[in-house]
Amino acid sequence: MEELLNAENRPASQLGDGQLYAAYRRLAAEQAALRRLATLVARGVEPSEVFEAVVNEMRRCVTADTAGLWRYESSDEVTKLAAAEHPGLQLAKWPVGTRTPVAGSTLAAMVQRTGRPARMDSYENSAGSLAARVRDAGVRAAVGVPVVVDGRVWGLAAVGSIEPGPMPADTEARIGGFAELIATAMVAGYRDEQKRQLFGEASRRPFLIDSLLEGRLLDDWSIGEVASYLRLPSNGSYVVIAAEAPVLGSEPLADIESKLRSLDVYSAWRLRPDLQVGIAHVASDQQLESVIALVSRMAVDRVGVSARFNDLREAPHALHFAKVTMQGRPNHAAQVTVFDGSILATAAVSAPDVMVKSVSTALDCFSDLADEEREILFETFRMWQDSDASVSAVADRLYCHPNTVRHRLRRIEKRTGRSLSRPRDLAELCLAFEVHRQLM
């Protein structure tokens, strides 16, 4: 009720009953206007219709000679979207849709730069083509506020006066609510358009799955709606499964969705020319094991499974890891490979080309060995790593003497020039062998 208590910037005790009543009427009119506009937004009318209504209500409530809305463009220009003006103004020379450079000492430039309300008490000495247009229209002073959409200054809502001198001190506060409604209409319009794109196509299911896998869905509401449409629970955890097609366009995991459903696992699948890709909801470790067991029985070629994740917005990363894991396994190895999500594995596959190039150089010292001899050394190191550096455990698994294990590890140290007792050297070797296992 600040308007009631501070009409014309004076204490309420200095106002007469008539002035208090006038302030009350003005505040009530503004609130009624904002309610009318909020109803338009809630009804989902086109943003352009909301813009027209906003500038008309804004001009009427603030008792301004002109009111307008502009959108900032990436080209450092503003586009006029809507306007309401006094009949005597010459704004016909500045029609809706006109683009004008922001440069110069202008209201639009100040609001764009600071992201805060601003005012021009006189345009008499203002430079720039935008200021010239304002002067030509007969506007002598103006106040503007930013229209902020998703944390970004999207546009400018402003009112102007043809009278000399500054506009009232409370003008910024009075038009702020109108700018907020414009932002709300923009967000609502964007979401409606995105919904039309998502749900208005004949091939909506493949489109929606691709949208998840390619990261085209960013808002909580769209993630929830798409998950519901695909019959996926909206809360994780999930895995992404990538199965290589042995023949271009073939389905390597035929009827996988219905078979998973028989295990009480919800999933959504997309067949691409060389891959069949799916997002599966796994509620527990046991369910994940059941999924992997089923896929292993059905697989006719290589299959990669991502680590579990809890947010569908992580699906693009999970797909990347599933594909890299799949491609890193030779055909004669186990066909289904699960990415473990460890820091070491993630580092190994996050930038495959870079890592393969670096590791190829580091492991080139083994190139003169026969394939079988080289693989024995590499397998010994991986077992030693997985056995918490226990030589005896590795010897038991390989059916050899512990001294044989120690000898192989010393050969690796000598060839690579790295010591297993130095943390940095050991970390580099662990990463190098992980890249070799995953990608080479």
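Reference entry: report on the structure contained in this document. Everything quoted here is computed from the prediction, not taken from an experiment.

1. Observations concerning unusual backbone geometry
Phi at D388 is positive, roughly 55°, even though this residue is not glycine. On the accessibility criterion, D388 (72% relative accessible area) is exposed.

2. Details of the pairing of strand β5 (residues 141-149)
Among the nine residues of β5, eight are classified as buried, and the element is accordingly described as predominantly covered. With three bridges connecting them, strand β4 (residues 118-120) and β5 associate as antiparallel partners. Bridge pairing in β5 links A118 to G144. Alignment of β5 against strand β6 (residues 152-161), held across nine bridges, turns out to be antiparallel. Bridge assignment links V143 to a residue of β6, and that residue is V159. Between β5 and β6, which pair antiparallel in sequence order, lie two residues; one of them, D150, sits at a positive phi of approximately 55°.

3. Regarding the sheet that holds β5
With antiparallel pairing, the six strands of this open sheet are ordered in space as β3-β2-β1-β6-β5-β4. Every interior strand has two partners, whereas the edge strands, β3 (99-101) and β4, have only one. In this sheet, neighbouring strand axes are inclined to one another by 30° on average, regardless of whether the strands run parallel or antiparallel. Two elements, strand β1 (residues 66-72) and strand β2 (residues 77-85), share seven bridges in a ladder whose sense is antiparallel. Within β2, the residue paired with Y72 across the bridge is V78. In this fold helix α4 (residues 107-114) packs onto β1, β2, β4, β5 and β6, with an angle of close to 160° to the strand it touches most, β4.

4. A closer look at the environment of L369
With respect to the element layout, L369 can be found in the loop between α13 (352-362) and α14 (371-386). Those residues in contact with L369, other than ones at most four positions away along the chain, are R374, L377, R411 and R415.

5. Side note on the pattern of salt bridges
Per the counting criterion, the structure on display carries 20 salt bridges. In this structure, R261 engages D264 in a salt bridge whose closest nitrogen and oxygen atoms are separated by 3.1 Å. Using a relative accessible area of 48% as the deciding quantity, one classes D264 as partly exposed. Its salt-bridge partner being D285, residue R308 comes within 2.3 Å of it at the nearest N-O pair. Here R308 is found in the loop between β10 (303-305) and α11 (315-327), whereas its partner D285 is found in helix α10 (residues 285-298), with 23 residues between them in sequence.

6. Focus on the nonpolar core
A general feature of soluble globular proteins is that nonpolar side chains tend to end up buried together. Counting residues in hydrophobic clusters, the biggest one holds 28 residues, and the most contacted among them are M58, L69, V147, W154, V159 and I182. Counting residues per element, the ones that place at least two in this core are α3 (47-62), β1, β2, β5, β6 and α6 (171-199). Sorting elements by how many residues they give to this core places α3 first, with seven residues. Contacts of V147, omitting those with residues within four sequence positions, involve L69, R152, V153, W154, G155, L156, A157, A179, I182 and A183. Listed in part, the 23 residues of the second largest apolar core include L212, L213, A227 and M326.

7. Regarding the sheet that holds strand β7 (residues 238-244)
Sheets are built from strands that pair by backbone hydrogen bonding, the pairs being arranged parallel or antiparallel. Pairing is mixed in the open sheet, where five strands are placed in the order β8-β9-β7-β10-β11. Each edge of the sheet is formed by a strand with only one pairing partner; in this case those strands are β8 (267-271) and β11 (336-338). On average, adjacent strands in this sheet sit at an angle of 15° to one another, irrespective of strand direction. For β10 and β11, the ladder comprises three bridges, and the chain directions are parallel. Residue pairing across strands places V303 opposite V336, the latter belonging to β11. Running at roughly 100° to β8, helix α7 (residues 204-213) makes contact with β7, β8 and β9 (275-281) of the sheet.

8. Things to note about the side chain of R382
You can see R382 is positioned in helix α14. Every residue in contact with R382, bar those within four places of it in the chain, is listed here: E375, F433, H436 and R437.

9. Focus: α7
For α7, the full list of buried residues reads L208, I209, D210, S211, L212 and L213. The positive-phi residue at the C-terminal boundary of α7 is G215, with phi of around 75°.

Here is what the cut-offs are and how they apply
Residues numbered from 1 in each chain as written. Predicted model: local features only at pLDDT ≥ 70, side-chain atom pairs only at ≥ 80, totals over all residues. Heavy atoms only, no water. Buried < 20%, exposed > 50% of the residue type's maximum accessible area, 1.4 Å probe, protein only. Helix = DSSP H or I, 4+ residues; strand = E, 2+ residues; numbered from the N terminus. Pairing = 2+ DSSP bridges. Axes fitted to C-alpha atoms, helices over the stretch in contact; angles between N-to-C directions. Contact = heavy atoms within 4.5 Å. Salt bridge = Lys/Arg side-chain N within 4 Å of Asp/Glu carboxyl O. Core = buried A, V, L, I, M, F, W, Y, C linked by side-chain atoms within 4.5 Å.

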